[in-house]
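Read off the chains here:
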Amino acid sequence: MSDRRRIMPLRDVKDHPKRKVNLIAVVVEFSIPRMSVGTDYCTILKVIDQSQQNPELSVNVFMDDVHQLPHIRSRRDIIVLSCVRIERHNQDPCAVFNKSFSSYALFDGKCSSAFRPYQASPAFCLIASDKPFITSLKNWSLTFQLDPGISPYVVSLNHIKEKDYHDLVCKVLGVCEVSSNEWVLFLWDGTDVPPLSFNTKLEEHYSIQLQISVPLPTNAISNFPCVGTVLRVIADPAYGNLGYHFHSIGEWVRIRNVLFEVDSGLWKGVLSGTSKVRLLSENDNSVIERKRNLTERLLRSGRVPMSSYHVSNFLTVLTVTDYESTKFSTLMDLLTFSKDKGIFKCIVRVVAIYPLQVKDFWSPAGLYRIRVTLEDPTARIHALLCGEDAELFFGGYPSISVLAAKMNKLLGVSENDDSTRNPPWIQCCVELHLANEAGALGARHYHIRFTILVL
DNA sequence: TTGGGG
């Protein structure tokens, strides 16, 4: 075995088509490992070095065992690529890792002295002459400002559009197998997804879902932020065990090519075959901007939905004077509240009611007994509107036609368009009771209280 | 072979 390996600077790669070369580079982006349409699993890396940061070089890695594909742990990690073949795609060179003659090793980019790879392909062998290359690349990358990739596709969650592909600069709150081979990613950028209208023909409002996929137990969401939407992103089954492939929990990333869809009047992200990840620093400008925007928003407006700032679609529902000075809470504040009783003032939309017919609002004893589904950008909950609380809310016992008109206003039913409805924002008081053991799913009960509907 | 930003 030779004790030297000729390492090619990335700027020279373009001049060596069809050649097999050795590279040492910093990984700045990776696609999530997944099955290819051929026989192998695949991940695509973007790498840079001192000689070339733009364009980044694509490295396409194929392996027959998904566990043997490189799994990037941290920003600035170093990859040694031995005997990769240079090909051309369109006008751009790329390196292709062939499992029959290529090998690789991944090194922590932060630790300056260790030469032990945290992952390597079976045939990889570190050669003494690699070490100074690795050291100088680590030293260089610590001083180099990595490019987060400014692009018109980057949006924050308050600007997403249905059926569009967007990039998000966001924090990865978690990844969870919600059912057998169904994985969900939880993403947050501190902004609120836009409120949606409901298609009354497709969505029977009494059967409305409370969330995309399954409910999570309180202990799973207890560390989620209470302001800003936690977007649920469904992974394509081709990704297999997403928890194994995704190492960025709690970190800021730029995640590219997320598809946005609407399901049951809720926003849903889809991790498609072309989604890619760039790990970002807490000090990255795009991360600092998002944190600053959230701080300024909370100082300016408190815990209210971003889209309720402009009150064109806001019903004046007054809470009784006792709670006028109470600060607003989000529904996620309620879902994660740990004491067994509390009263909150929220800005929400009534997205569904049960019973469906106003004539069924009373029990046989003549008492109001209604379940409403409340929504804000952070969550949906069922809340009860019963007895004296409902009398206060509706102003006693109005006629069925008056009550029906009030409910139509509350649900956003339009007088001249029965195909869509767009519930207005209202403010209301919600009392929370934890029925028994704290945090148990379904043990929380919510009642609308101290709220008067003024119409 | 696969894969390759919109």
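Quick caveat: nothing in here was measured; it's all calculated off a predicted structure. Throughout this description, residue numbers start from 1 for each chain and increase along the sequence as written. All chains are assigned letters beginning at A, and all ligands numbers beginning at 1, according to the order in which they are written. For a predicted model such as this one, the threshold for reporting local features is a pLDDT of at least 70, and the threshold for listing and counting side-chain atom pairs is 80 or more; totals across whole chains, interfaces and linings nevertheless cover every residue. Water and hydrogen atoms play no part in the side-chain values, which are based on all heavy atoms of the structure.

S.K.: Can you walk me through the overall build of chain A in this structure?
M.R.: Strands are runs of DSSP state E lasting at least two residues, helices are runs of H or I lasting at least four, and both sets are numbered from the N terminus onward. Of regular secondary structure, chain A possesses seven helices and 24 strands. Projected onto its principal axes, the C-alpha positions of chain A cover 90 × 40 × 40 Å. Relative accessibility decides the category of a residue: with a 1.4 Å probe and only protein chains considered, values under 20% of the type maximum give buried, values over 50% give exposed, and everything between is partly exposed. The burial tally for chain A puts 51% of its 455 residues in the buried class. All accessible-area figures derive from a Shrake-Rupley calculation using a 1.4 Å probe, and residue coverage is judged against the displayed protein chains alone. Counting every atom, chain A has about 21200 Å² of accessible surface; 52% of that belongs to carbon and sulfur. Taken together, the 50 basic and 47 acidic charged side chains of chain A have centroids lying 6 Å from each other. Here the positive residues are Lys and Arg and the negative ones are Asp and Glu; neither His nor the chain ends is included. Here the site of a charge means NZ on Lys, CZ on Arg, CG on Asp, or CD on Glu.

S.K.: Even after reading the chapter, I still don't get helix α4 (residues 285-301), so can you show me in this structure?
M.R.: One turn of the α-helix equals 3.6 residues, which is why residues spaced by three or four share an orientation. Here α4 contains 17 residues, and its C-alpha end-to-end distance of 24 Å stays within 8% of the 24 Å for a straight helix at 1.5 Å per residue. Here the buried face of α4 lies against β9 (154-155), β10 (165-179), β11 (182-188) and β14 (252-263). Between the first and last residue of a helix there are one fewer steps than residues, each counted as 1.5 Å, and that sum is the expected span. Residues count as neighbours in contact if any of their non-hydrogen atoms are within 4.5 Å of one another.

S.K.: What is the right way to read the domain arrangement of chain A from this model?
M.R.: Each domain's extent was defined by an automatic or database domain assignment. What the domain assignment reports for chain A is domain 1 (10-143), domain 2 (154-301) and domain 3 (306-453). Just the C-alpha atoms count here: the centres of domain 2 and domain 3 sit 26 Å apart. Counting residues at the interface gives 34 residues for domain 2 and 33 residues for domain 3. Buried area is understood as the total, over both parts, of accessible area removed when two parts are fitted together, assessed with a 1.4 Å probe. Taking both partners together, domain 2 and domain 3 bury about 2700 Å²; carbon and sulfur atoms supply 60% of that area. We define a salt bridge as a contact between a side-chain nitrogen of Lys or Arg and a carboxyl oxygen of Asp or Glu at a distance within 4 Å. At the boundary of domain 2 with domain 3, the tally comes to zero salt bridges. Two N or O atoms count as a polar contact when they lie within 3.5 Å, although within protein this holds only if one can serve as hydrogen donor and the other as acceptor, and sequence-adjacent residues are included solely when both atoms are side-chain atoms. Between domain 2 and domain 3 we count eight residue pairs in polar contact (both at pLDDT 80 or more) in total. Per element, the largest residue contribution to the side of domain 2 that touches domain 3 is three residues, and it comes from α4. When grouped by side-chain class, the residues that make up the side of domain 2 that touches domain 3 number 16 nonpolar, 14 polar and four charged. Amino acids are sorted into nonpolar (Ala, Val, Leu, Ile, Met, Phe, Trp, Tyr, Cys and Pro), charged (Asp, Glu, Lys and Arg) and polar (every other residue, Gly among them).

S.K.: So what exactly am I meant to see when it comes to the packing of aromatic side chains here?
M.R.: Aromatic rings in a pair are described by how distant their centres are and how their planes are angled relative to each other. Paired rings are identified among Phe, Tyr and Trp, the last through its six-membered ring, by centres lying within 6.5 Å, and are further divided according to the angle between planes into stacked (under 30 degrees), edge-to-face (over 60) and tilted (the rest). Throughout the structure, instances matching the rule amount to eleven aromatic pairs. Their ring planes at 20 degrees and their centres at 4.8 Å tell us that W140 and F144 sit as a pair that is stacked. On the basis of relative accessibility, which here comes to 22%, the residue F144 falls in the partly exposed class. On the basis of an interplanar angle of 25 degrees and a centroid distance of 5.1 Å, the ring pair of Y323 and F450 is categorised as stacked. Of this pair, Y323 sits in the loop between β16 (317-319) and β17 (328-329) while F450 sits in the loop between β23 (444-449) and β24 (451-453), placing them 127 residues apart in sequence. Through pairs of rings, three or more aromatic residues link up here, namely F361, W362, Y368, F393, F394 and Y397. Two limits define a charge over a ring: the Lys NZ or Arg CZ must be within 6 Å of the ring centre, and within 35 degrees of the ring normal. In this structure, K345 packs its charged tip against the face of F328, placed 4.8 Å from the ring centre. A cation over an aromatic ring shows up here: R349 above the ring of W425, its NZ or CZ 5.7 Å from the ring centre.

S.K.: What am I meant to see in the nonpolar core here?
M.R.: Soluble globular proteins tend to pack their nonpolar side chains together in the buried interior. Core analysis: the biggest nonpolar cluster contains 55 residues, and F361, L374 and F394 have the highest contact counts within it. Each of domain 2 (154-301) and domain 3 (306-453) gives at least three residues to this core. Sequence-distant contacts of F394, defined by excluding residues within four places in its chain, comprise F361, Y368, I370, L385, L403, K406, M407 and L453. Here, the term nonpolar core denotes a set of buried Ala, Val, Leu, Ile, Met, Phe, Trp, Tyr and Cys residues that are joined through side-chain atoms within 4.5 Å. Counting residues in hydrophobic clusters, the runner-up holds 52 residues, among them M8, V27, I72 and V233.

S.K.: What's the story with the protein's contact with DNA strand B in this structure? I'm lost.
M.R.: Inspection of the region around DNA strand B gives 26 residues, with V37, C94, Y153, R256 and N257 positioned closest. Within 4 Å of the protein, atoms of DNA strand B come from sugar and phosphate in 31% of cases. A distance of 3.1 Å separates a base oxygen of DNA strand B from a polar side-chain atom of S36. A distance of 3.0 Å separates a base oxygen of DNA strand B from a polar atom in the side chain of R254. Mapped onto the surface near DNA strand B, the elements with two or more residues apiece are β3 (41-49), β4 (52-63), β5 (78-89), β6 (92-97), β10, β14 and β15 (266-279). When the residues that make up the surface near DNA strand B are grouped by side-chain class, the tally is eight nonpolar, nine polar and nine charged. The cutoff for a nearby residue is simple: one of its non-hydrogen atoms must lie within 4 Å of the molecule or strand.

S.K.: Whenever I open this one, unusual backbone geometry confuses me. Can you help?
M.R.: Trans peptide bonds make up the majority, and among non-glycine residues the majority have a negative phi. Geometrically, the link from N54 to P55 is a cis peptide bond, its omega value of 5 degrees lying close to zero. When you line up the elements, P55 lands in strand β4. Residues Y354 and P355 are joined by a peptide bond in cis, for which omega reads 5 degrees. With respect to the helices, strands and loops of the structure, P355 is situated in the loop between β18 (341-354) and β19 (369-376). If you check the backbone angles, C83 has positive phi at about 60 degrees while not being a glycine. Checked against the element boundaries, C83 lands in strand β5. Even without being a glycine, S264 presents a positive backbone phi close to 55 degrees. Structurally, S264 is set in the loop between β14 and β15.

S.K.: Even after reading the chapter, I still don't get the pattern of salt bridges, so can you show me in this structure?
M.R.: Pairing between side chains of opposite charge can happen when the charged atoms of each approach one another. Here the structure, examined in full by the defined rule, presents 20 salt bridges. In this structure, the salt-bridge partner of R85 is E87, at a minimum N-O distance of 4.0 Å. By relative accessible area, which is 30% here, R85 ends up partly exposed. Residue E87 is classed as partly exposed on the basis of its relative accessible area, which comes to 34%. Here the residues in one salt-bridge network are E29, E56, R256 and R278, joined through shared partners.

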